[in-house]
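# Coordinate inspection notes
One letter stands for each residue in the lines below.
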Amino acid sequence: MTDDRYRSPLGTRYASPAMQRLWGERHRVGLWRRLWLALAEAERELGIDIPETALEQIRAHLDDVDLEAAARYERRFRHDVMAHVHAFGEQAPAARAYLHLGATSAFVTDNADLLVMREGMRILLGRLVAVLGALDAFARRWADVPCLAYTHFQPAQLTTVGKRATLWAQDFALDAEELRHRIGTLRFRGCQGTTGTQASFLELFGGDHAKVRELERRVTAKMGFAEQFAVTGQTYPRKADSMVLDVLSGIAQSAAKMANDLRLLQHEGELLEPFESEQIGSSAMAYKRNPMRAERINALARFVISLQSNPAHTAATQWLERTLDDSANRRLTLPEAFLAVDAILVLVTNVCTGLEVREAVIARHVEQQMPFMATERWLMVGVAAGGDRQELHEVVRKHSLAVHEAVSRGERNDLLDRLAGDPAFAGVPLDRLRAELEPRAYVGRAPEQVDEFLGEYLAGVLAAARPLAPAAEDAEVRV
């Protein structure tokens, strides 16, 4: 293809080769051919006179699709499925009379879409496993390193670097659970005929209802599904697309939340995303190290989240047994959503495996705020030394507000010195006050929570996900 035509950046820059191949035309048509094979095999098994030679020729040409021949037919017929029926018939002439027997276009288009989405979800589950594995290692490594916790992006109490990572991991783990559920419950459209009544198959089998039901069961099993939709119109319920996009949007939401956190923490200098040795942060400001990966995650996530409502509207506006206004829409929405989430998770894995923790910066920020964290304990120490609780509270309050104002102007936090020099704390030795400034005494159960989360929850999520998910294929991260 020449460069004078638009190409989606999801294909040229972001999504992995595996996801691109999955949604590519050659793979899609290969699935159509496998569906035609499964249908013909099942029809022959149930008594339809289809010669074995026909099946042999179909099997011999499952993957050598002649896209140019199909394109020529489509220009004539203006119908993509019939174009491929004719192109396939040229390659498998013994099967020509039996291809697509009793079926409508949705037999191949809808069932193939379901096959592609199921495999796409498995690829994404594999990528989630990789993300969760990276966050597991990161949280374990930094489980007990104190850092400032923020509410409203204002310093609150202390947590640990590892505990914060478990918050990101939990979001992705919930996505993995939901994705696993969607994979396990996705249904096959099956062999339902033109408007979902199976009339053509009933005629094919001479009015034998049992054989029609058995045909559907066999084709469903041949294509690797446990169940098919109980009833359909011409298409499977478009609500299924909406449900899949819900979980893809959920993954994007988790990634965006983590990326936003990382952008804030990179501004603070506490965590840094990977940065290549020759990477350029700005074309004009050579000194800059911008959070480009996190920003790209946010950009792609916003796109996916915006797609979430699209299949919901499609599901809501389908007329009776079917209208065609879903077709062009789904050709855009479904692959773009999968490609974008794939790109997001490739980036997230890259970031999580290469995060740089600046312990000295974190410790400096903690040290700057620690005197404020210690005020309640200092109050209790003063009371234990014989002071009046209410009087001590007022002393602590006034000094804290004054120091807070000074710190906001860039001055040192000298709250300890001020309280130690105040007559209200005369009965408390300086060393006793200083002893309350140990950060690890203020992280609560954060280190234990990390261990419990990883061992009692995340390990189970990963164990359940891995059998359904292929190992994540490496993909280049374009900087």
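The shown structure was predicted, so the numbers you read here are calculated from the model rather than taken from an experiment.

As a further point, take the overall build of the protein chain. Scanning the protein chain from terminus to terminus reveals 20 helices and 4 strands. At 31 Å, the protein chain has a C-alpha radius of gyration far larger than the 23 Å of a compact globule built from 479 residues. C-alpha extents for the protein chain along the principal axes are approximately 105 × 55 × 35 Å. Within the protein chain, buried positions represent 49% of all 479 residues. Across the protein chain, the fraction of contacts at a sequence separation of at least 24, relative to all contacts at a separation of at least 6, is 77%.

In this section: the packing of helix H15 (residues 359-373) against helix H16 (residues 375-384). Here H15 crosses H16 at 40 degrees, and the two axes come no closer than 5 Å. Regarding the angle of H15 to H16, the classification is oblique. Contacts from Pro371, Phe372 and Met373 of H15 reach H16 at Thr375, Glu376 and Trp378. Among the residues making up the contact of H15 with H16, the classes are represented as 4 nonpolar, 1 polar and 1 charged.

As defined by bridge partners, strand S1 (residues 146-151) adjoins strand S2 (residues 154-160) across 5 bridges and the pair is classed as antiparallel. The residue of S2 that forms the bridge with Leu148 is Leu158. Here S1 folds back onto S2, and the loop between the two strands holds 2 residues, one of which, His152, carries a positive phi near 60 degrees.

As a further point, take the confidence of the model for the protein chain. Mean pLDDT over the protein chain: 92, with 95% of residues reaching 70 or higher. Predicted confidence for residues 282-287 stays below pLDDT 50, and this span has 2 contacts to residues more than four positions away or in other chains.

Attention now moves to unusual backbone geometry. Residues apart from glycine generally show negative phi values, whereas peptide bonds are mostly found in trans. Positive phi, normally seen in glycine, also occurs at Arg78, with a value near 55 degrees. Relative to the elements of secondary structure, Arg78 occurs in the loop between helix H5 (67-77) and helix H6 (80-91). Look at Arg78 and you get exposed, because its relative accessible area is 71%. One non-glycine residue, His100, lies in positive phi territory at about 70 degrees.

Once that is clear, we can look at the packing of helix H3 (residues 25-45) against helix H4 (residues 52-60). How two helices sit against one another is set out by the angle between their axes and by the gap between those axes. Direction vectors running N to C along H3 and H4 enclose 160 degrees, while the axes themselves pass 10 Å from each other. Of the possible angle classes, the one that applies to H3 and H4 is roughly antiparallel. The handedness of the crossing between H3 and H4 comes out as left-handed. Residues Arg33, Leu37, Ala40, Glu41 and Arg44 of H3 form the contact with H4, whose own contacting residues are Glu52, Leu55, Ile58 and Arg59. The class makeup of the residues in the contact of H3 with H4 is 4 nonpolar, no polar and 5 charged.

A few words on the pattern of salt bridges. The full count for this structure, using the stated rule, is 34 salt bridges. In this structure, Lys257 and Asp261 form a salt bridge, with 2.6 Å as the shortest nitrogen-oxygen distance. With Lys257 and Asp261 both in helix H11 (residues 239-268) and 4 residues apart, this pair spans about one turn of that helix. On the basis of relative accessibility, which here comes to 38%, the residue Lys257 falls in the partly exposed class. Among the salt bridges present, the one from Glu436 reaches Arg377, with a minimum N-O distance of 3.8 Å. Of the two residues, Glu436 sits in the loop between helix H19 (430-434) and helix H20 (446-465) while Arg377 sits in helix H16, which places them 59 residues apart along the sequence. By sharing partners, the salt bridges in this structure join Glu41, Arg44, Glu45, Glu52, Arg59, Glu214, Arg217, Arg218 and Lys222 into a single network.

This paragraph deals with the packing of aromatic side chains. This model, assessed by the stated rule, comprises 9 aromatic pairs. Ring centres of Tyr150 and Phe153 lie 5.2 Å apart, and the angle between their planes is 40 degrees; this geometry places the pair in the tilted category. Owing to a relative accessible area of 22%, Tyr150 belongs among the partly exposed residues under this scheme. On the basis of relative accessibility, which here comes to 35%, the residue Phe153 falls in the partly exposed class. Ring pairing ties together the aromatic residues Trp32, Trp36 and Phe88, which thus form one cluster. The ring of Tyr236 has Arg238 sitting right over it, with the charged end atom 4.7 Å from the ring centre.

What follows is about the side chain of Arg189. Relative to the helices and strands, Arg189 is located in the loop between helix H8 (161-185) and helix H9 (199-204). No salt bridge is formed by the buried Arg189; the nearest opposite charge belongs to Asp110, separated by 4.4 Å. Polar side-chain contacts of Arg189 include one of 2.9 Å to the backbone oxygen of Gly193. Within the structure, the side chain of Arg189 is placed 2.9 Å from the backbone oxygen of Gln234, a separation counted as a polar contact.

The α-helix winds at 3.6 residues per turn, so residues separated by three or four positions along the chain end up facing the same way. In a regular helix each residue adds 1.5 Å, so 20 residues correspond to 28 Å; H20 covers 26 Å between its end C-alpha atoms and thus fits that length. Looking at H20, one finds that the buried residues are Ala446, Pro447, Val450, Phe453, Leu454, Leu458, Val461, Leu462 and Ala465. As for H20, its buried residues are in contact with helix H7 (105-141), S2 and H8.

Our next topic: helix H17 (residues 389-408). Here H17 contains 20 residues, and its C-alpha end-to-end distance of 28 Å stays within 8% of the 28 Å for a straight helix at 1.5 Å per residue. Of all the positions in H17, only Leu392, Val395, Val396, His399, Ser400, Val403, Ala406 and Val407 are classed as buried. Taken end-on, H17 shows its buried residues confined to a sector of 125 degrees, consistent with a single buried face. Facing away from the buried side of H17 by more than 90 degrees, the exposed set consists of Gln390, Lys398, Leu401 and Ser408.

In this section: the side chain of His100. Along the chain, His100 turns up in the loop between H6 and H7. With a relative accessible area of 13%, His100 lands in the buried category. Looking at His100, its side chain comes within polar contact range of the side chain of Trp36, at 2.9 Å. If sequence neighbours within four positions are ignored, His100 has contacts with Trp36, Leu39, Val81, Val85 and Ser105.

Here is what the cut-offs are and how they apply
- Residues numbered from 1 in each chain as written.
- Predicted model: local features only at pLDDT ≥ 70, side-chain atom pairs only at ≥ 80, totals over all residues.
- Heavy atoms only, no water.
- Helix = DSSP H or I, 4+ residues; strand = E, 2+ residues; numbered from the N terminus.
- Rg over C-alpha atoms; globule rule 2.2 N^0.38 Å.
- Buried < 20%, exposed > 50% of the residue type's maximum accessible area, 1.4 Å probe, protein only.
- Contact = heavy atoms within 4.5 Å.
- Axes fitted to C-alpha atoms, helices over the stretch in contact; angles between N-to-C directions.
- Parallel < 35°, antiparallel > 145°, perpendicular 65-115°, else oblique.
- Nonpolar A, V, L, I, M, F, W, Y, C, P; charged D, E, K, R; others polar.
- Pairing = 2+ DSSP bridges.
- pLDDT = per-residue confidence, 0-100.
- Left-handed = near helix turned anticlockwise from the far one by under 90°.
- Salt bridge = Lys/Arg side-chain N within 4 Å of Asp/Glu carboxyl O.
- Phe/Tyr/Trp six-rings, centres within 6.5 Å; stacked < 30°, edge-to-face > 60°.
- Lys NZ or Arg CZ within 6 Å of the ring centre and 35° of its normal.
- Lys, Arg positive; Asp, Glu negative; His and termini not counted.
- Polar contact = N/O pair within 3.5 Å; in protein donor to acceptor, adjacent residues only side chain to side chain.
- Expected span 1.5 Å × (residues − 1).
- Arc of directions from axis to C-beta.

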